[in-house]
Each structure stands twice: as structure tokens, then as C-alpha cells.
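# Report on the structure
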Amino acid sequence: HMEAYPVDCGQGRICGDKEEVLEEIRKNNHFLLASTVTEIDLSYENIEDEATALICEALKTNKTLTTLNISVSNIGKRGAFFIGELLKTNNTITTLDLDSSNIGDHVSIICEALKVNDTLTTLSLNGADIGEESARLISEVLKVNNTLNTINLNYNEIGENGAKNISEALKVNKSITTLDLSGSEIGDNGAKFISEALKVNSTVVTVDLSGNDIGERGACFISEALKVNTCITTIDLAGNDTIGDKGANFISEALKVNKTLTTINLSSNNIGDNGIMLISQALKYNSTLVTLHLKVNVIGDKGAYFLSEALKLNNALSTLNLYSNIIGPEGAMFIGELLKSNATLTCINLSCNKIGDKGALFIGESLKLNSTLTTLSLNNTDLRDDGASFISEILKMNNNLTALNMEYNKIEADTKSKIKSMLWTGTLKI
């Protein structure tokens, strides 16, 4: 059994205050060689070059470590050198987290090591000051490395040129399954490059392109890729607020023919009723999409109608997230009618829509007949005592709902107490 050092966090983890960890290493680094050490977590400890060197040197003969996390640090050229040297010889580390490490162009040293390393599977460089040139160097690694399967590059300044280089690598890479380029300033042109790669790539299953200034042009490129790609199961396009209704049209065309996508995030895309009408038409044909995120758009009662009519015919979707749209009582009525007959939806989020007590009555009535919904979120929906009480009474006859959220409404304290005193076994937030 591992000796109890001040920095032992249990379950094979070494973590805690940087100075304590370094002091232990200086005194006796044998604790880093113990057979039970699988993870070192020094995130948020502002690790600098000297500390990085000390840790990497001590780990040279470790045979059990799988995760090294030195995120939120200040790693320069010397620190990058020691990490690179460690990766050249270590054959157990599978996850390296250098998020917010300020490593910048010094990532070139890590890249050289990864050309020979054959054990690392996850490399995280979120917000690590990676620019176009560093993205090019990473792309060169992806052309020859066959073990990395997850690469996180979000919130860097990769730009369209960086996206172009990464796309060239993806055309030949056979191991990457998860690609995170969120918040990387790739724009429509970058989306075009990545989309071209996704037309021929056969391993990527999860793509995050959220927050990238992608508009309707970019949505067109992405939809063309989704029409022919047979591997991607999850795509995140949230926070691209110029996609709009025209971009939604392109996405809808892809959803009509795509047979592998199970999750799509179209939150904060400025999609209105016209756009959701087109998406809804696609849902009548689509038989694989399971999760649809439409948070923070401008979908109103008409949009709720289009969605509800489509989902009466759809037998696949289980999660529908409509958080923070402009759906009112009428829209809630349409959704209620849907829930009376739908047999696949298990989770619906209507929080931050002004459905009020009237809308709550429609939703409540549907719960008398619905037998599949397990999670219902009605936070901040203008509910008052009557609406909240009505839905709560329905819980006595509905045996499927396991989570109900009605926080941040205008429900009086005594009504809350009565609802809480109900003998309901689910999770209630009010």
C-alpha cells in the first residue's frame, strides 16, 4: 500500500499545493514511483518551468501514471522541453492536460515528442495560446501519430489558416475521434476546410465548432459534409449566432439524409420560427437524432407548433432542450398535445419561457397520459401557485417522471412547503 504523504489525495492521485508536492519530490521522489500512483493533478497551481522540470525528471521511471494535469500554469521553453523528453520515453501516460498553460509556440517541442510517442490518447490545449503556426505543427503530428484520439484546442487563435492545416491532417489521420475547436476563430472559411476533411475522414465521431463566428455559409459547408459523413454522432454548433434561419435550412437538408448523427447543438444560433419549421420538416424523416439542443434562440409559439407536429411522427428524439426561447402558453399547449401521444421523449427543458400557469395546465394535463417523460424543467417560466400545484398533483398519478424543476418562479412559500411535503420519490427543485 502507498505510504500516506501530505500530497496523497487517495485513489492513486497526487494533488494539492504545488510547494508541498515539490518539497516531497525534493526530499524523496519514491512516492512518485509507487505502483498505486496513476494521476498527478496540479491544476490551478501556476506550475512554472522549474517545477515542471522537477516533476518530469522524477517521473522518468514511473510505470503506472496515466494522467498528468498541469493546467492553468505558466510553462515556458524549458518546461516544454522536459514534458517532451518525458513523452519520448514514458509509455503509460494516456492523458496530458495543458489547458491555459501559456505554452504557446513552445508546443513545437511537445509536437516533436508526439511523433514518436505511441501511448498518449488525449491532449488538451484549451486556451493555451495556440496560434496558426502552432496549429500547423499540431497538424503535422496528426499526420503521423496513430494513437491520439482526443484533441482539445478550444479558445485559441487558430483562425482559418490553422483550421486549413488541421483539416489536411484529418484527411489522412486514422485515430482522432474527438475534435474540439470551439472558440477558435475559424469562421466560415475555416468551417469550409474542416467540412472538406469530414467528407473523407472515417474516425471522428464528436466535433465541437461552437463559438466560431460561423454563419449561414459555414452552415452550408457543414451540412454538405453531414450529408456524406457516416461516422459523426455529435456536432456542436452553439454560439454561432449568424447561422440564423437560412443556416437552419442547410442543416435541415442534412438531417433529412444523415443516418449517424445522434446529438446536435444549435443553441444560440438566432433560429426563429421559420428556421425551426425547416428543422421540424427534417425531423419527420430523421430516425437517428436522439438529442436536440435549441437553447437561447428566438423560437415562439409557431415554432413550438412545428416541432410538436413533427415529433408526433418522429420515433427517435428523446431529449429536447428549448431553454430560453419565446414560447408562451399557446406554445405550451402544442407541446402538451405532443406529450399526450409521444412515446420517445424522456427529457424536455422549457425553462426561461413565459408559459405561465395557463401553459402549466396544458403540460400538466399531458402528464396524465404520458408514460415516457422522466425529466421536466420549468425554471423561470412565470409559474405561480395554481400552475405549480396543478403539476404537482399530477405527479400522484404519473409514475414515470423522476425529476421536476420549478425553481425561480413566483410560487408562495406555503405552496412550496405543501408541494415538498408530497410523498413523491423523484427529485424536486422548487
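Owing to the predicted nature of the structure, the values given are computational and were not obtained by experimental measurement. (Residues numbered from 1 in each chain as written. Predicted model: local features only at pLDDT ≥ 70, side-chain atom pairs only at ≥ 80, totals over all residues. Heavy atoms only, no water.)

Here the focus is the overall build of the protein chain. Of the regular secondary structure elements, the protein chain holds 15 helices and 17 strands. Seen through its principal axes, the protein chain has C-alpha atoms that stretch 65 × 50 × 30 Å. The long-range fraction of contacts in the protein chain, counting pairs at least 24 apart against all pairs at least 6 apart in sequence, stands at 85%. Carbon and sulfur atoms provide 48% of the accessible area of the protein chain, an area that totals close to 17700 Å². Positive and negative side-chain charges of the protein chain, numbering 37 and 53 respectively, have mean locations separated by a distance of 6 Å. (Helix = DSSP H or I, 4+ residues; strand = E, 2+ residues; numbered from the N terminus. Contact = heavy atoms within 4.5 Å. Areas by Shrake-Rupley, 256 points an atom, 1.4 Å probe, with all protein chains shown as cover. Lys, Arg positive; Asp, Glu negative; His and termini not counted. Charge placed at Lys NZ, Arg CZ, Asp CG, Glu CD.)

So, on to the pattern of salt bridges. Counted according to the given criterion, the structure contains 15 salt bridges. Notably, a salt bridge pairs Glu253 with Lys256, separated by 3.2 Å at the nearest N-O pair. Residue Glu253 and its partner Lys256 are located together in helix H9 (residues 244-257), separated by 3 residues, close to a single helical turn. Its relative accessible area of 33% is what places Glu253 among the partly exposed residues. (Salt bridge = Lys/Arg side-chain N within 4 Å of Asp/Glu carboxyl O. Buried < 20%, exposed > 50% of the residue type's maximum accessible area, 1.4 Å probe, protein only.)

Here we come to the nonpolar core. Taken as a class, soluble globular proteins show a tendency for nonpolar side chains to be buried jointly. Counting 117 residues, the largest nonpolar core has Ile103, Leu125, Leu292 and Leu320 as the members making the most contacts within it. Contact partners of Ile103, with chain neighbours within four places excluded, come to Ile75, Ala80, Leu98, Ile110, Leu125, Ala128 and Ile130. (Core = buried A, V, L, I, M, F, W, Y, C linked by side-chain atoms within 4.5 Å.)

Time to look at the packing of aromatic side chains. Summed over the entire model, instances satisfying the criterion amount to 3 aromatic pairs. With a centroid separation of 5.4 Å and an interplanar angle of 80°, the aromatic rings of Phe81 and Phe82 are classed as edge-to-face. Counting every residue linked through ring pairs, the aromatic cluster contains Tyr305, Phe306 and Phe334. Over the ring of Tyr323 we find Lys295, and its NZ or CZ is 5.5 Å from the ring centre. (Phe/Tyr/Trp six-rings, centres within 6.5 Å; stacked < 30°, edge-to-face > 60°. Lys NZ or Arg CZ within 6 Å of the ring centre and 35° of its normal.)

Where helix H12 (residues 329-341) meets helix H13 (residues 356-367), the closest approach of the two axes is 8 Å, and the angle between their N-to-C directions is 0°. With respect to H13, the element H12 is oriented roughly parallel. Mapping the contact onto sequence places Pro329, Ala332, Met333, Ile335, Gly336, Leu339 and Lys340 in H12 and Lys358, Gly359, Phe362, Ile363 and Ser366 in H13. Tallied by class, residues from the contact of H12 with H13 come to 7 nonpolar, 3 polar and 2 charged. (Axes fitted to C-alpha atoms, helices over the stretch in contact; angles between N-to-C directions. Parallel < 35°, antiparallel > 145°, perpendicular 65-115°, else oblique. Nonpolar A, V, L, I, M, F, W, Y, C, P; charged D, E, K, R; others polar.)

Residues Asp105, Asp129, Glu157, Glu185, Asp213 and Asp241 make up a contiguous surface patch of negative charge. In this structure, Asp105 sits in the loop between strand S5 (95-97) and helix H4 (107-114). (Patch = residues over 30% accessible without salt bridge, like charges linked within 9 Å, V, L, I, M, F, W, Y side chains within 5 Å.)

Let's shift gears to the side chain of Thr122. Summarising the element assignment, Thr122 is placed in strand S6 (residues 122-124). The residues touching Thr122, leaving out its near neighbours within four places in the chain, are Thr94, Thr95, Leu96, Leu148, Asn149 and Thr150.

Here we take up the environment of Ala332. Along the chain, the position of Ala332 falls in helix H12. Separated by 21 residues in the primary sequence, Ala332 and Asn353 have C-alpha atoms spaced 9.3 Å apart. For Ala332, the residues in contact, after removing those within four places along its chain, are Ile327, Ile355, Gly359, Phe362 and Ile363.

Next up on the list: the confidence of the model for the protein chain. Mean pLDDT over the protein chain: 92, with 94% of residues reaching 70 or higher. Across residues 1-6, confidence stays below pLDDT 50; counting only partners more than four residues off in sequence or on other chains, it has 12 contacts. (pLDDT = per-residue confidence, 0-100.)

On to H13. For H13, spanning 12 residues, the distance from its first C-alpha to its last is 17 Å, which sits close to the expected 16 Å at 1.5 Å a residue. Listed in full, the buried residues belonging to H13 are Gly356, Gly359, Ala360, Ile363, Gly364, Ser366 and Leu367. With its buried residues spanning 155° around the axis, H13 presents them on a single face. Where H13 is buried, its residues touch H12, strand S15 (375-377) and helix H14 (385-394). (Expected span 1.5 Å × (residues − 1). Arc of directions from axis to C-beta.)

What follows is about the packing of helix H10 (residues 273-285) against helix H11 (residues 301-311). Contact pair H10 / H11: the axes reach a minimum separation of 8 Å and the direction vectors enclose 0°. With respect to H11, the axis of H10 lies roughly parallel. Between H10 and H11, the residues in contact are Asp273, Ile276, Met277, Ser280, Leu283 and Lys284 and Lys302, Gly303, Phe306, Leu307, Ala310 and Leu311, respectively. The residue makeup of the contact of H10 with H11, split by class, is 7 nonpolar, 2 polar and 3 charged.

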